[in-house]
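Architecture and fold: a report
Each chain is listed here by its residues.
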Amino acid sequence: MKRKLFLATSLSAALTGCGVAGTKLTENDGVRSILGAGETLDLALIGTHGLAREYSAGDISREFPINSFDTPADAAYAHLVRNAYASFRLAVDGMVERPLSLSLVQLNAMPQTTQITRHDCVEGWSAIAQWSGVALRDVLAAARPRSGAGFVVFHTFDRDANGVPYYESLDFSQALHPQTLLALRQNGAPIAPNRGAPVRLKIPTQLGYKSAKWVRHIAVVPSLAHLFAGKGGYWEDQGYQWYAGI
Ligand SMILES: Nc1nc2c(c(=O)[nH]1)N[C@H]1C(S)=C(S)[C@@H](COP(=O)(O)O)O[C@H]1N2
Ligand SMILES: [Mo]
């Protein structure tokens, strides 16, 4: 119960800050130290990384390939699908002042944003879809990163054929970008199991492998060095570039 109240307080703090997410974030000491002295959030983000192009409804692709490991087949994930994700919790922890454990109901109650953007896979295909959900920066604002935090890591439910988990990471300028989305819906429908249900990352300013499907845990960390092979992502550990800006 205490934990519930705690979460409710931190979430309502995020919700009341809804119209001024940027201001709220830059008031946070942790985020201020990440951005550097005197830098404003919008300058740090838009000025250095730009906005991905947004399309109109008529541009939405009829076919959108599926390109990932298989939908997780383990008992824990199957159980989630069976109970319509009622027992799903997205953990947000690590170097944060307020660790969160967010249900799908809580994520849906946060301010939602929508984008129609293009997904570019490094293998040479692109597809346009509408994605809706919670801006990652709103979730991070609720969790309040501590100073010294450097990266946001996404742990997922799926694994490769050898049992190695998929994971990805972003730095704070990528994570706080206004178009970086924890997507709950694709083309108006809840994210399907084979698309990364119930929550996937959608980051249209970076190549497709950054958009982690089946996100279960977001960890704020000082460095990527001690995670898996230390390169910040499953494919990065095999030699792909960590910075995958388009
Ligand atoms: N968890 C997880 N996320 C992932 C992948 C994966 O294998 N596992 N593949 C990535 C790659 S390379 C691409 S192109 C997109 C594909 O997303 P889609 O299957 O919805 O098209 O997911 C990305 N996210
Ligand atoms: Mo990809």
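Note: the structure precedes this text.
On a predicted model such as this, the values are computed, not experimentally measured, just so you know.

**Some thoughts on the overall build of the chain**
Within the chain, the regular secondary structure consists of 8 helices and 10 strands. When the 246 residues of the chain are sorted by exposure, 48% land in the buried category. Within the chain, residue pairs in contact and separated by at least 24 positions form 70% of the contacts whose partners lie at least 6 positions apart. Carbon and sulfur atoms form 54% of the exposed surface of the chain, whose accessible area is close to 11300 Å².

**Focus on the sheet that holds strand β2 (residues 100-102)**
The mixed open sheet is built from 5 strands, whose spatial order is β2-β1-β10-β5-β6. Both edges of this open sheet fall to β2 and β6 (165-171), since each of them pairs with a single strand only. Sheet twist, expressed as the mean angle between neighbouring strand axes with direction ignored, is 15°. Of the strands in this sheet, β1 (90-94), β2, β5 (151-159), β6 and β10 (215-221) touch helix α7 (residues 136-143), which is tilted by about 135° from β2.

**Regarding the site of ligand 1**
Around ligand 1 sit 20 residues in total, of which Pro65, Asn67, Asp158, Arg200 and Lys213 are the nearest. Take arginine 195: an N or O atom from its side chain is 3.0 Å from an oxygen atom of ligand 1. Within the side chain of arginine 200, a nitrogen or oxygen atom sits 2.7 Å from an oxygen atom of ligand 1. A total of 530 Å² of accessible area belongs to ligand 1 in isolation, and the protein chains cover 98% of it.

**Here's the deal with the environment of histidine 155**
Note on placement: histidine 155 falls in strand β5. On the accessibility criterion, histidine 155 (12% relative accessible area) is buried. C-alpha of histidine 155 to C-alpha of alanine 212: the two residues are 57 residues apart in sequence and 8.3 Å apart in space. Residues contacting histidine 155, with those up to four places away along its chain left out, are Tyr167, Trp214, Val215, Arg216, His217, Ala219, Leu227 and Phe228.

**Points about α7**
Residues lying three or four places apart along an α-helix face the same way, a consequence of the helix completing one turn every 3.6 residues. Of all 8 residues in α7, 7 are buried, a share of seventy percent or more. Within α7, burial applies to Leu136, Arg137, Asp138, Val139, Leu140, Ala142 and Ala143. Looking one or two places after α7, you find arginine 144, whose phi comes out positive at around 60°.

**Quick look at the pattern of salt bridges**
In this structure the tally under the stated criterion is 4 salt bridges. Of the charged contacts, one joins arginine 144 and glutamate 97 as a salt bridge, the two residues approaching to 2.8 Å between their closest N and O atoms. Of this pair, arginine 144 sits in the loop between α7 and β5 while glutamate 97 sits in the loop between β1 and β2, and the two are 47 residues apart along the sequence. Residue classification places arginine 144 among the partly exposed residues on the basis of a relative accessible area of 30%. Accessibility expressed as a relative area gives 36% for glutamate 97, which makes it partly exposed. A salt bridge links lysine 210 to glutamate 168, with the shortest nitrogen-to-oxygen separation between them at 3.1 Å.

**Brief notes about the environment of valine 215**
For valine 215, the position within the fold is in strand β10. The residues contacting valine 215, other than those within four sequence positions of it, are Phe88, Leu90, Phe154, His155, Thr156, Phe157, Val199, Arg200 and Leu201.

**Regarding the pairing of β1**
Bridge analysis of β1 against β2 gives 3 bridges, and the strand direction is antiparallel. Bridging from a neighbouring strand, alanine 91 pairs with serine 101 of β2. If you look at the hairpin formed by β1 and β2, you'll find 5 residues sitting between the two strands. Judged from the 4 bridges that link them, β1 and β10 form a sheet pairing that is parallel.

What counts and what doesn't
Residues numbered from 1 in each chain as written. Chains lettered and ligands numbered in written order. Predicted model: local features only at pLDDT ≥ 70, side-chain atom pairs only at ≥ 80, totals over all residues. Heavy atoms only, no water. Helix = DSSP H or I, 4+ residues; strand = E, 2+ residues; numbered from the N terminus. Buried < 20%, exposed > 50% of the residue type's maximum accessible area, 1.4 Å probe, protein only. Contact = heavy atoms within 4.5 Å. Areas by Shrake-Rupley, 256 points an atom, 1.4 Å probe, with all protein chains shown as cover. Pairing = 2+ DSSP bridges. Axes fitted to C-alpha atoms, helices over the stretch in contact; angles between N-to-C directions. Near = heavy atom within 4 Å. Polar contact = N/O pair within 3.5 Å; in protein donor to acceptor, adjacent residues only side chain to side chain. Salt bridge = Lys/Arg side-chain N within 4 Å of Asp/Glu carboxyl O.

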